[in-house]
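Coordinates in review
Chain by chain, the residues:
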Amino acid sequence: MEKLQVQLTAILNLLNIKIFRVLLFLLIGVVMYSAMYTNVKPEKLNLDLFSVAERTIRSPITIEDKESTEANRREAVEKVNDVYRVKREYVQNRVDLVTSIFGSVSEVNAEAQKEIDEQKKTSAGTDGEEDVAAPQELTIEEKIQKLKTKLTTSETKTLSDDVFIALMQASKEDLQTAKDLTVTAINNTMKHSVPADEVENAKLNVEEELKYTSLNSSLKRAMIEIGRYAVVQNEFYDPEATEDLRQQAMDNVEPVRILEGQILVDEGQLISRDIYKKLKLVGLLESENSYKPFIGLAMLTALTLFGLYVVFNEMENADKKQKNLLIFSIIFITSVLLMKMVSLFDVFEYSEIGYVFPAAMGTMLIKILINERLALLQVAILAVIGTIIFNEGITGTLNVSLGIYILMSGLAAILFLQKQNRRSKILQAGLFVSVINLIVILSILFLRNSQYSGLEYGFYISAAFVSGIVSAVLTIGLLPFFEAGFGILSTLRLIELSNPNHPLLRKILTEAPGTYHHSVMVANLSEAACEAIGANGLLARVGCYYHDIGKTKRPQFFIENQINMDNPHDKLPALTSKNIIIAHATDGAEMLRKHRMPKEIIDIAEQHHGTTLLKFFYHKAKQNGHDVKEEDFRYPGPKAQTKESAVIGIADSVEAAVRSMNHPTHEQIETLVDNIIRDRLQDNQLSECDITLKELDTVADTLCETLKGIFHSRIEYPEMNKQKVKQA
């Protein structure tokens with residue numbers, strides 16, 4: 001099953017998303033149209049190329065002339081100019097290059113001075129000895145050779161020896177001034193666009209800016225040569241942006257359409273190739289007197305596809321939209337084909353065989369795997385299709401009774417299935433659907449006020465129960481394949497991931513035991529809070545187990561793992577500490593991806609800190625006098641996208657804060673929880689998920705109750721009192 005999931009994901013990644021969606025919608029339309037095609041029985045039309053039209057023909061539908069549209073799009077694309085982008089990072093790269101050259105010169109001077117100092121110490125230790133050699137200073141040539149070993153081949157080959165001589169002979173103060181002036185000139189020049197044909201002009205700008213400095217001429221020439229060497233092209237052709245503009249130009253082209261009611265050919269007019277193409281495009285060449293059923297069927301199919309497009313287009317997550325569309329397509333097409341197969345038994349004079357069709361199967365699968373809205377849409381479409389497919393072969397008639405039956409059967413399944421992840425409810429839903437089917441059939445039969453034999457009533461009753469039970473059995477049988485094939489996180493999969501013997505959980509336990517205990521505590525808090533607001537508590541629990549897996553990369557840098565050891569952050573700059581702490585979220589997500597963990601678990605690891613601020617290290621950096629920005633001390637995010645991620649983020653902060661308190665009281669816990677939630681709200685950390693203020697109040701109450709149970713008051717035993725007295 002995992003291999004199937006990997007292969008399916010790879011195929012989806014290779015296909016262009018837009019093309020893939022169009023193909024899926026096209027496939028749905030083709031299956032619908034084909035399934036109902038034989039039930040509308042079209043007739044042929046006699047229209048030939050270069051013949052004379054016997055009457056005026058108008059377009060029955062509005063349709064796009066794709067060839068003309070494509071021609072207009074190609075013309076629009078040709079008018080789009082290429083896009084060039086300035087790579088700002090090149091400025092810093094070239095500044096760093098110049099800084100490293102001057103830094104290497106300083107290093108060589110420092111090393112040379114160190115050798116002289118060591119020689120002096122050696123001379124001082126030989127008091128009384130004659131002929132002690134005076135300290136030998138390195139020659140300029142020797143210093144240059146040392147300098148070249150510290151530089152790259154490109155620098156040593158491009159820059160002349162005069163540059164190195166000037167740099168080595170310069171004083172420390174002049175060298176610093178030369179570096180600052182050169183860096184400033186390069187930055188002033190390269191912060192602007194430097195295309196390929198303007199590189200030489202940019203070099204001249206740097207030269208012009210540097211030649212008026214007050215330094216000596218040799219050092220000035222060295223600065224100019226280094227500055228010219230550092231200036232490079234920073235504007236490059238951007239194929240992606242160009243392609244985006246071209247695509248935008250294509251999208252802005254209005255499609256060329258043949259409008260409904262538009263005259264395609266007048267009476268007595270010759271049918272030319274252009275007219276013939278238009279007649280073919282609107283489908284008038286396939287029928288003369290009975291083309292309307294084709295059009296009606298096409299309109300019905302188009303309306304269905306339009307409804308599906310609107311529903312799927314409203315989904316915000318692109319990856320989820322793609323997967324849900326594929327799942328829906330498979331289930332829907334399977335249901336339509338199964339309906340068509342059942343209808344074939346009409347040949348054997350089983351005119352009411354449609355009541356056996358398991359109408360609730362597709363509805364239950366979509367309700368469980370996707371959502372209730374799509375399930376409602378699917379059963380409504382199936383009901384319409386059923387009225388045509390089960391029309392007993394009479395063109396132009398609709399079997400409304402079967403349509404009502406299919407609609408009510410699907411609605412019954414949706415009403416009974418209240419939760420998507422309760423598999424035990426499916427069989428019960430099948431029995432419930434059977435009862436509803438029976439009631440619907442009997443109501444239809446009674447409304448007809450016809451006489452039926454006992455055998456006929458027996459057939460209808462049997463069909464009602466067969467439809468409901470088979471729907472449940474097929475749903476139970478197909479559900480595991482969809483869950484495995486599409487990576488849908490089922491309850492069974494969550495239970496497997498919660499096993500302490502899972503390699504990643506064992507890794508946390510052995511390498512970061514403090515983090516493991518913290519994760520378990522957060523899991524207890526999150527599960528209770530999620531269940532209180534109707535979210536997936538099991539997903540929250542399992543997500544908590546893995547949310548800090550990134551800490552195993554550097555466990556000793558996190559306080560819960562610092563047992564009998566000093567805090568390494570006390571010896572590190574605030575910026576370094578910040579990078580280490582922030583990295584655990586992205587490192588964790590990357591580790592989970594490598595182990596092919598479910599996307600929901602990865603999202604929790606990535607989102608549980610959102611874009612919150614590392615206040616401690618931010619203020620530490622400010623106190624140390626660093627000019628820092630608040631954005632640099634925030635987690636990269638994204639913010640919580642689901643209720644589960646939001647609750648876990650709150651519980652994570654609450655658990656860490658409560659753990660740092662000594663004997664917290666109930667009032668202190670309540671104040672702490674309220675402050676953390678208020679801080680998250682004010683920081684807009686919950687702005688991208690659908691959790692409500694009322695649900696946040698419920699979360700706060702649940703967290704407080706759970707924490708009170710953990711940090712309840714304990715009886716102080718006499719032995720403890722005696723020990724305290726002795727210590728005093």
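A short tour of the structure in this document, coming up. (Residues numbered from 1 in each chain as written. Predicted model: local features only at pLDDT ≥ 70, side-chain atom pairs only at ≥ 80, totals over all residues. Heavy atoms only, no water.)

Turning next to the environment of L427. Here L427 is to be found in helix 18 (residues 425–448). On the accessibility criterion, L427 (44% relative accessible area) is partly exposed. Between the alpha carbons of L427 and G468 there is a distance of 9.1 Å; along the sequence they are 41 residues apart. Discounting residues that sit within four places of it in the chain, L427 has contacts with A472 and I476. (Helix = DSSP H or I, 4+ residues; strand = E, 2+ residues; numbered from the N terminus. Buried < 20%, exposed > 50% of the residue type's maximum accessible area, 1.4 Å probe, protein only. Contact = heavy atoms within 4.5 Å.)

Residues F328, F332 and I385 are the most contacted members of the largest nonpolar core, which totals 70 residues. When contributions to this core are tallied by element, the ones reaching two or more residues are helix 2 (17–37), helix 13 (291–313), helix 14 (318–343), helix 15 (359–369), helix 16 (372–389), helix 17 (400–416), helix 18 and helix 19 (454–485). Of the residues forming this core, the biggest block, ten residues, is contributed by helix 14. Those residues in contact with I385 that sit more than four places away from it in its chain are M32, M36, F332, V336 and M339. In this structure, A529, I602, V658 and C689 belong to the second largest nonpolar core, which totals 50 residues. (Core = buried A, V, L, I, M, F, W, Y, C linked by side-chain atoms within 4.5 Å.)

Position of E235 relative to the elements: it lies in strand 4 (residues 235–237). Exposure remark for E235: the relative accessible area of 18% places this residue in the buried category. There is a polar contact of 2.6 Å between the side chain of E235 and the side chain of S193. Aside from chain neighbours lying at most four places away, what touches E235 is Y84, R85, V86, S193, V194 and P195. (Polar contact = N/O pair within 3.5 Å; in protein donor to acceptor, adjacent residues only side chain to side chain.)

Let us look at a nonpolar patch on the surface. Residues L398, V400, I404, L407 and M408 make up a contiguous nonpolar surface patch of roughly 420 Å² in combined accessible area. Locating M408 in the fold gives a position in helix 17. (Patch = residues over 30% accessible without salt bridge, like charges linked within 9 Å, V, L, I, M, F, W, Y side chains within 5 Å. Areas by Shrake-Rupley, 256 points an atom, 1.4 Å probe, with all protein chains shown as cover. Salt bridge = Lys/Arg side-chain N within 4 Å of Asp/Glu carboxyl O.)

Quick look at the packing of helix 17 against helix 18 now. A packed helix pair is summarised by two numbers, namely the angle formed by the two axes and the spacing between the axes. Their axes nearest at 8 Å, the elements helix 17 and helix 18 cross at an angle of 150°. What the angle tells us is that helix 17 and helix 18 run roughly antiparallel. As helix 17 packs across helix 18, the resulting crossing turns out to be right-handed. Judged by residue contacts, S401, I404, Y405, M408, S409, A412, A413 and F416 of helix 17 engage K425, Q428, A429, F432, V433, I436, N437, V440, I441, I444 and R448 from helix 18. Looking at side-chain class alone, the contact of helix 17 with helix 18 contains 13 nonpolar, four polar and two charged residues. (Axes fitted to C-alpha atoms, helices over the stretch in contact; angles between N-to-C directions. Parallel < 35°, antiparallel > 145°, perpendicular 65-115°, else oblique. Left-handed = near helix turned anticlockwise from the far one by under 90°. Nonpolar A, V, L, I, M, F, W, Y, C, P; charged D, E, K, R; others polar.)

Taken as a whole and assessed by the stated rule, the structure comprises 24 salt bridges. For E314, the salt bridge is made with R373, and the minimal N-O distance between the two is 2.8 Å. Within this pair, whereas E314 is found in the loop between helix 13 and helix 14, its partner R373 is found in helix 16, the two being separated by 59 residues in sequence.

In this section: the state of the cysteines. As enumerated under the stated definition, the model contains zero disulfides in all. Free of any disulfide, C530 has its nearest neighbouring cysteine sulfur in C544, separated by 7.7 Å. On the accessibility criterion, C530 (0% relative accessible area) is buried. (Disulfide = S-S within 2.5 Å.)

Put simply, G637 and P638 share a cis peptide bond, and its omega is 5°. For P638, the location among the structural elements is in the loop between helix 26 (615–623) and helix 27 (643–659). One non-glycine residue, R596, adopts positive backbone phi at about 55°. Assignment of secondary structure puts R596 in the loop between helix 24 (574–594) and helix 25 (599–607). Given the relative accessible area of 62%, R596 is considered exposed. Positive phi, close to 60°, is recorded for N684, a residue that is not glycine. Mapped onto the secondary structure, N684 falls in the loop between helix 28 (666–682) and helix 29 (693–710).

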